[in-house]
Each structure stands twice: as C-alpha cells, then as structure tokens.
Amino acid sequence: MFIQKLHKLQAQWAKEVVIPQESRLTYFLSRPMLVLDIQYEGEKAYLGASLLSPNQAPIDLIGQSQAGLAYIPGLFCFREGPPLLAFVKKIFQHKALPRPALLIIDGHGIAHPQKLGVATWLGLRLQIPTIGCAKRSLLPYHGELGEERGSTLPVMLQGEQVGEVLRTQEGINPLFVSAGHLIHLEDAHQIMLYLPGAYRLPDALRQADQLARAAARKERLERVISLGECEAEF
DNA sequence: GCGACAG
DNA sequence: ATCTTGTCGC
Ligand SMILES: [Mg+2]
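Everything numeric in this text was worked out from a predicted model, so none of it was measured.

Colleague: Could you give an account of the coordination of the magnesium ion, with specific residues and numbers?
Modeller: Donor atoms from the polypeptide that coordinate the magnesium ion comprise Asp 37 (OD) and Asp 106 (OD), at 2.1 to 2.2 Å from the metal. You can see Asp 37 sitting in strand β1 (residues 33–41) and its partner Asp 106 sitting in strand β4 (residues 102–106), a full 69 residues away along the chain. Neither residue differs from the other here; Asp 37 and Asp 106 are each classed as buried.

Now the structure itself:
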C-alpha cells in the first residue's frame, strides 16, 4: 500500500540524519534563525515565520502554498514538509533577507517512531540545522517533570534518547523538543530556553502562528513581508 | 484485533 | 489543523 511505501522512504531517509557530537551553540546564537508555522484552509496552506537576528527586531514573513497529503500521524512530514520547503527556499532567494543558519519548526525532529519528523525532513532537504518543537508527544515518556522552568524528562526510542519534555515556564505544561538535523539535543535545549517569551511557546513561535493565521484570514498586515505563492515540490 | 496517534 | 462563546481557575 501507498502508506507502507512512505514508511519505507522515512526509514531510508533516517539513515542520512546527522546529529553532531560537538556543540555549536555560540555559532547558532550569533546567526539568524527562522521560526516557522502553518495554518490551513482546506488544501490551502498559509505560512508564517519570524526571522530572528541578534540585536535586531524580528522580521515577519508570510506566504501561501498547497498542503501535501492529508494529515496522518507519523506521516506529517509529507503534509507540512513540501509547503515549508517551498517557503524557506523563497526566503533564501530573497536577497534583502539575512540567510538563517537554523530553522525551528512546529512539530517533531527525530522524536518520532521512524526518527523522521517534519523538522528532520526539512533539515535533510535543505541540509541546514533544524529543531523540532511540538506541543504534544508522539512517543511515550515517563517520570515526574519538575515544576520549574528548564525541567526536562527524556523521550526515548529503542534505548536511545531522541528528545526531551521541556518545561518552558514554571507550572505550565511542557513542550517536546528534539533535534531535527545537524544539531544535537543539548544545543536545541539551550536555544529553546534562550528564545524570549513569557508563555508556554516562545514569542517567535507564537508570532509565526499568528502570522499564518492572519494570512489565512487574508488580513491586511503592515510591516510584514509577503512572499506570495510558494510552489510546493511533491 | 484494538486504540492511540505531531499538525 | 479546524469548527467556535462562554466560562472556570489561577
Ligand atoms: Mg502548527
């Protein structure tokens, strides 16, 4: 069946994932990073992004594309991957925008049954470091998470830690962080805690979500760069 | 076999 | 994700 072929593709791609041993935190924190999210209206995909550069105001970006497959848990990369890829490529081509050295995506990286979440998929396609940040876990985890900000619990897969449950604000439900590609969990952890914000989700993710939502409602936005239609590649 | 299951 | 107002609790 078609679904089985997609699983096989994921298993094949998972072999290409690179999780470095060394930290590059100082590098990541000194370069622009792009935080992404999507909203849908039928098959239309509306993209929103916050481009963060050190000591500069965030740049708001929106765009539109077409959803990939219907949503199937575990095969999320085939739905959101293509539109995200088209959007990011267009951002890279835009000569007036700084080129991000890291992408943060609303979804999982390798904290996935096949170690192929949407953040990993996008990292592989672009060969750029990516972090997956989800609001719910796909994999089981156990233990008592501390109430203070920064508390974590490991998310395991076949004896290997593939992600973490991370409390970003005291007494607030945690997020699920995992490396996507070309970065390790420790750096991803530090970066998620470094991102500004007083709520469960870092401000940049909230902003990306709101931008995508505003784009879906076709609102007239100021100080937002619209990249228009982004042709999704299968 | 059944239920769960990122967005 | 989306359909959608008020409402309960800190
Ligand atoms: Mg989302």
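Colleague: Lay out the protein's contact with DNA strand C with the relevant residues and their values.
Modeller: In the vicinity of DNA strand C, the residues found are Gln 39, Tyr 40, Lys 135 and Arg 213. Residue Gln 39 places a side-chain N or O atom 2.5 Å away from a phosphate oxygen belonging to DNA strand C. Grouping the constituent residues of the surface near DNA strand C by class yields one nonpolar, one polar and two charged.

Colleague: With reference to specific residues and values, describe the layout of surface pockets.
Modeller: Here the largest pocket is characterised by a volume of approximately 550 Å³. Considering the residues around the largest pocket, the lining is formed by 23 residues, among which Tyr 71, Phe 76, Asp 106, Gly 107 and Arg 136 are closest to the centre. For the lining of the largest pocket, the elements supplying multiple residues, two or more each, are β1 and α3 (77–93). Here the lining of the largest pocket takes four residues from β1, the largest share from any one element. Residues of the lining of the largest pocket, tallied by class, amount to ten nonpolar, seven polar and six charged. Approximately 260 Å³ is the volume found for the second largest pocket. Of all the secondary structure elements, the ones that give two or more residues to the lining of the second largest pocket are β2 (44–52) and α6 (203–216).

Colleague: Now, about α3: what can you tell me, with residues and values included?
Modeller: Relative to the 24 Å expected for 17 residues at 1.5 Å per residue, α3 spans 23 Å between its end C-alpha atoms, a close match to the ideal helical length. Taking burial as the measure, the 17 residues of α3 include 14 buried ones, the bulk of the element.

Colleague: Go over the packing of aromatic side chains with me, naming the residues and quoting the values.
Modeller: In total, this model carries four aromatic pairs according to the counting rule given. Considering the side-chain rings of Tyr 71 and Phe 76, the 5.8 Å spacing of their centres and the 80 degrees angle between planes classify their relative orientation as edge-to-face. Between Tyr 141 and Phe 176, the ring centres sit 5.5 Å apart and the planes meet at 50 degrees, which makes this aromatic pair tilted. Note that Tyr 141 is positioned in the loop between β5 (130–134) and β6 (152–157) and Phe 176 in strand β8 (residues 175–181), a separation of 35 residues in sequence. Here Tyr 141 falls in the partly exposed class, since its relative accessible area comes to 38%.

Colleague: Tell me about the packing of α3 against helix α4 (residues 118–126), residues and numbers included.
Modeller: Running from N to C, α3 and α4 cross one another at 45 degrees; their axes reach a closest spacing of 9 Å. What the angle tells us is that α3 and α4 run oblique. Where α3 crosses over α4, the handedness of that crossing is right-handed. Contact with α3, carried on its side by Cys 77, Glu 80, Gly 81, Pro 82, Leu 84, Leu 85, Val 88, Lys 89 and Phe 92, involves Val 118, Trp 121, Leu 122, Arg 125 and Leu 126 of α4 and no other residues of that element.

How each quantity is defined
Residues numbered from 1 in each chain as written. Chains lettered and ligands numbered in written order. Predicted model: local features only at pLDDT ≥ 70, side-chain atom pairs only at ≥ 80, totals over all residues. Heavy atoms only, no water. Donors = N, O, S within 2.8 Å, 3.2 Å for Na, K, Ca; no water. Helix = DSSP H or I, 4+ residues; strand = E, 2+ residues; numbered from the N terminus. Buried < 20%, exposed > 50% of the residue type's maximum accessible area, 1.4 Å probe, protein only. Near = heavy atom within 4 Å. Polar contact = N/O pair within 3.5 Å; in protein donor to acceptor, adjacent residues only side chain to side chain. Nonpolar A, V, L, I, M, F, W, Y, C, P; charged D, E, K, R; others polar. 1 Å grid on protein atoms, 1.4 Å probe; cavity = no way out; pocket = protein on both sides within 12 Å on 5 of 7 lines; lining within 4 Å. Points joined across faces, edges and corners; volume = space filled by probe spheres on them. Expected span 1.5 Å × (residues − 1). Phe/Tyr/Trp six-rings, centres within 6.5 Å; stacked < 30°, edge-to-face > 60°. Axes fitted to C-alpha atoms, helices over the stretch in contact; angles between N-to-C directions. Parallel < 35°, antiparallel > 145°, perpendicular 65-115°, else oblique. Left-handed = near helix turned anticlockwise from the far one by under 90°. Contact = heavy atoms within 4.5 Å.

None of the figures reported here should be taken as evidence of function without further support.
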